[in-house]
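Coordinates in review
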Amino acid sequence: MNFLNLKYFLVLAEELSYTQAAERLHISQQSLSAHIIRLEKQYGVQLFNREPPLRLTEAGEEFARGASRILQEKDNMERRLEEMLRFQHSSITIGVPTSRSAILLPEILAQFHKEYPEVTVHLIEGNSNDILKELLRGTADLILGFQPEKSDRLESHRIYLETTKIIVPNAILDRMPNREELLAGAGQPQLLRTFADCPFVALHESTLTGSVLHSIAQMENFQPNVIMDTKNLLTMLSLCCAGIGVGICPNIFLVAMDSLISADLVKNITAFPLRSDYGSAWIALTWFKNKQQSVPEKRLIQMIQETYSRYHLS
């Protein structure tokens, strides 16, 4: 099949004038006529009624519909092949806090890999300051984490407001004299000092969540009885689920934790909203302003936004 013949035919079908169609195609009328005659001989049909005014025959109208679909599909195929060639050796580097990289990112990247198997994804993990430095150095294309301070160089798009929950093992809750009152207001924010007499499992003070716990305890005038601490948020959460002590945890780890911690363990805890804005912070996607983003990069950003929007994170 000669695509050029189809193109010339469609132009003539639109103009219904050999003169205008030839001018539009920058060829002679004789050359255009030869292309049309070639098509008619190939398919054994008359495509145009040549008695003035020039018009399509019934076969010509059907041929025009088919030719349009063929050329459109040809354009789509060439565009897809061009993208495949362009992305074959491309890569995207994402900076993400270590603990949060294990939450929703695997779900997102699994889907992304299905759509763009040619694109290599590199993860840079660390604390919020670490990944921001990587972005500023140019070693990361974008970062997913706490929204950095406003900068003329950076563009941030908020994904969700991260809030903090108090995680109470049911075994500890059952021993509390105000258990029924707490359960009756299960969705109501609680002061951390409500659990001041309970043992605590905490993240180390060098971590953000660890510093939040100790800062809130100081503001509420009590000293938490920390019997275990760790720098790994998932370890801390697992210890809480095992009944060892009370802890605090970003809500995202409770919303999307099924693949990380056994559902049977999760049943062993009760979560209460923390009555403090100190434990809240915006999670955002950040990149350099005016950065030229590839099609896969734009699609990855869209996937992150869509995935997080499916969860209730208040």
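Structure first, text after, so check above.
Let me sum up the structure you'll find in this document.

Calculation notes
Residues numbered from 1 in each chain as written. Predicted model: local features only at pLDDT ≥ 70, side-chain atom pairs only at ≥ 80, totals over all residues. Heavy atoms only, no water. Core = buried A, V, L, I, M, F, W, Y, C linked by side-chain atoms within 4.5 Å. Buried < 20%, exposed > 50% of the residue type's maximum accessible area, 1.4 Å probe, protein only. Pairing = 2+ DSSP bridges. Helix = DSSP H or I, 4+ residues; strand = E, 2+ residues; numbered from the N terminus. Axes fitted to C-alpha atoms, helices over the stretch in contact; angles between N-to-C directions. Parallel < 35°, antiparallel > 145°, perpendicular 65-115°, else oblique. Contact = heavy atoms within 4.5 Å. Nonpolar A, V, L, I, M, F, W, Y, C, P; charged D, E, K, R; others polar. Disulfide = S-S within 2.5 Å. Salt bridge = Lys/Arg side-chain N within 4 Å of Asp/Glu carboxyl O.

Core analysis: the biggest nonpolar cluster contains 37 residues, and Leu144, Leu285, Leu300, Ile304 and Tyr308 have the highest contact counts within it. Core analysis: the second largest hydrophobic core is formed by 21 residues, Tyr8, Leu12, Leu32 and Leu54 among them.

Judged by pairing direction, the sheet is antiparallel, and its 3 strands sit side by side in the order S10-S7-S11 without closing on themselves. The sheet is open, and its two borders are formed by strand S10 (247-250) and strand S11 (269-273), each paired with just one other strand. On average, adjacent strands in this sheet sit at an angle of 35 degrees to one another, irrespective of strand direction. Inspection of the sheet shows strand S7 (residues 164-169) paired to S11 by 5 bridges, in the antiparallel sense.

A few words on the side chain of Thr164. With respect to the secondary-structure elements, Thr164 resides in strand S7. Residue Thr164 is classed as buried on the basis of its relative accessible area of 11%.

Turning our attention to the sheet that holds strand S6 (residues 154-162). Taking strand neighbours across the sheet as the criterion, the 5 strands line up as S4-S3-S5-S12-S6 in an open arrangement whose pairing is mixed. For this open sheet the edge positions go to strand S4 (120-126) and S6, each flanked by a neighbour on one side alone. The sheet shows a mean angle of 20 degrees between the axes of neighbouring strands, taken without regard to direction. Inspection of the sheet shows strand S3 (residues 91-97) paired to strand S5 (residues 142-146) by 2 bridges, in the parallel sense. In the sheet register, Gly95 faces S5, and the bridge partner there is Ile143.

At a minimum axis distance of 9 Å, the contact between helix H1 (residues 3-15) and helix H3 (residues 29-43) shows a crossing angle of 110 degrees. Looking at the two axes, H1 sits roughly perpendicular to H3. Note on element contacts: H3 touches H1 through Leu32, His35, Ile36, Arg38 and Leu39, opposite Leu4, Asn5, Leu6, Tyr8, Phe9 and Leu12. Grouping the amino acids of the contact of H1 with H3 by side-chain chemistry returns 8 nonpolar, 2 polar and 1 charged.

If you trace the backbone, Leu183 turns up in helix H8 (residues 179-184). Ignoring any residue separated from it by four or fewer positions in sequence, one finds Leu183 in contact with Leu173 and Thr270.

We now examine the state of the cysteines. Two cysteines joined by a covalent bond between their sulfur atoms form a disulfide. Taken as a whole and judged by the stated rule, the model has 0 disulfides. Cys241 takes part in no disulfide bond, and the closest cysteine sulfur, belonging to Cys240, lies 6.9 Å away. The structure places no disulfide on Cys249, whose sulfur is separated from the nearest cysteine sulfur, that of Cys240, by 8.0 Å.

A word on the pattern of salt bridges. Here the structure, examined in full by the defined rule, presents 12 salt bridges. The shortest N-O distance in the salt bridge between Arg24 and Glu15 comes to 2.9 Å. On the accessibility criterion, Arg24 (40% relative accessible area) is partly exposed. Residues Lys74 and Glu78 are paired through a salt bridge, measuring 3.0 Å at the closest nitrogen-oxygen approach. One end of the pair is Lys74 and the other is Glu78, both in helix H4 (residues 58-87) and 4 residues apart, which spans about a single turn.

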